[in-house]
Amino acid sequence: MKIQMRSVLLLSAALMAPVALAAPASAQAVTSNAQIVQGLQASVADVPNVSAEALRGLAIAHMKYTGPPESRPPLAIQLDQLAQINVEIEFDLNSAMIKPSSYRTLGSIADAMHNPILLGYKFLVVGNTDTTGTREINLKLSQERADAVMQALATTFRVDPRRLQAVGLGEENLQDVKHPQAAINRRVQIFNLGSTGVLTP
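Residues numbered from 1 in each chain as written. Predicted model: local features only at pLDDT ≥ 70, side-chain atom pairs only at ≥ 80, totals over all residues. Heavy atoms only, no water.

Draft legend 1. Seen up close, the pattern of salt bridges. Under the defined criterion, the tally for this structure stands at six salt bridges. A salt bridge links Glu171 to Arg72, with the shortest nitrogen-to-oxygen separation between them at 3.4 Å. On the criterion of sequence distance, the pair formed by Glu171 in the loop between strand E6 (164-168) and strand E7 (187-195) and Arg72 in the loop between helix H2 (52-62) and strand E4 (85-90) is long-range, its members being 99 residues apart. The residues Glu171 and Arg72 share a single accessibility class, namely buried. One salt bridge connects Glu144 with Lys140, and the closest N-O pair in it is separated by 2.5 Å. (Salt bridge = Lys/Arg side-chain N within 4 Å of Asp/Glu carboxyl O. Helix = DSSP H or I, 4+ residues; strand = E, 2+ residues; numbered from the N terminus. Buried < 20%, exposed > 50% of the residue type's maximum accessible area, 1.4 Å probe, protein only.)

Draft legend 2. Local environment of helix H1 (residues 33-41). Among all positions of H1, only Ile36, Val37, Gly39 and Leu40 are buried. Angularly, the buried residues of H1 cover 165° about the axis, an arc narrow enough to put them on a single face. (Arc of directions from axis to C-beta.)

Draft legend 3. Quick look at the environment of His114. Note that His114 resides in helix H3 (residues 103-114). Measuring from C-alpha to C-alpha, the distance between His114 and Val159 comes to 7.1 Å, with 45 residues separating the pair along the chain. A distance of 2.8 Å separates a polar side-chain atom of His114 from the backbone oxygen of Phe157. (Polar contact = N/O pair within 3.5 Å; in protein donor to acceptor, adjacent residues only side chain to side chain.)

Draft legend 4. Region of the structure containing the side chain of Glu172. Position of Glu172 relative to the elements: it lies in the loop between E6 and E7. In terms of polar contacts, Glu172 uses its side chain to reach the side chain of His62, at 2.8 Å. Not counting the four nearest positions on each side in its chain, Glu172 is found in contact with Ala59, His62, Met63, Arg72, Leu75 and Arg135. (Contact = heavy atoms within 4.5 Å.)

Draft legend 5. Here's a closer look at the nonpolar core. By size, the foremost hydrophobic cluster in this structure holds 27 residues, and its most contacted members are Ile98, Leu106, Met113, Val149 and Leu153. Sort the elements by how many residues they give to this core and helix H4 (residues 135-155) lands first, with six residues. When residues no more than four places from it in sequence are discounted, the contact partners of Val149 are Ile89, Phe91, Ile98, Leu106, Val125 and Val188. Counting 16 residues, the second-largest nonpolar core is a separate cluster that includes Leu55, Met63, Leu79 and Val167. (Core = buried A, V, L, I, M, F, W, Y, C linked by side-chain atoms within 4.5 Å.)

Draft legend 6. How the structure looks around unusual backbone geometry. Its identity as a non-glycine residue notwithstanding, Asn94 has a phi of 55°, on the positive side. Within the secondary structure, Asn94 sits in the loop between E4 and H3. Among the residues examined, Asn94 registers a relative accessible area of 64% and is labelled exposed. Backbone geometry at Arg158 places phi at a positive 55°, although glycine is not the residue there. On the secondary structure map, Arg158 appears in the loop between H4 and E6.

Draft legend 7. Spotlight on the pairing of E6. Most of E6 is tucked away: four of the five residues are buried. Alignment of strand E5 (residues 121-127) against E6, held across five bridges, turns out to be parallel. Paired with Leu124 across the bridge in E6 is Gln165. As a crossover connection, the stretch from E5 through H4 into E6 is right-handed. (Pairing = 2+ DSSP bridges. Right-handed = clockwise from strand over helix to strand, strands pointing away.)

Read these as layout, nothing more, since geometry by itself doesn't imply function.
Structural data, given as structure tokens:
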């Protein structure tokens, strides 16, 4: 299992076909459950108001920018203020079917979410693609993959679904705009959205 963490706050996992989670050059590899927990709880006391619905609207609006990727404005810079880990999750080609080899990684993420330190937090799963294919197809596939990750966390690993949201951004939030078809852009991000408040059974 390959897991990477960045000290500045954003949660990401690579989404490829098959997907390998790539991390920024500044990311450091982490492997223990304690490090995952640390990455997901870092600096989340004062988080911006972010939601799947709002990001979906931003992504759709962002598709009006038709120039080369590096000429497009950033999609949602407030995401950079959230805690981040990078993990590897693989999908079948052009599919939202998670490969069995990735369930161990999902289990480790779920274990961290079940940790008492993180029980009071909610998370956003964000799917991203590179620029291969049309923007419309990329947006749809990224949403399906984000939904698949969220579904696996909620059903297979019993993370309370009220703590999870999912959104696909397609190619609208590239990590490497100068190399828009690079594998690093094919990722799933998981963000700590801050406190859930009180959840009743």
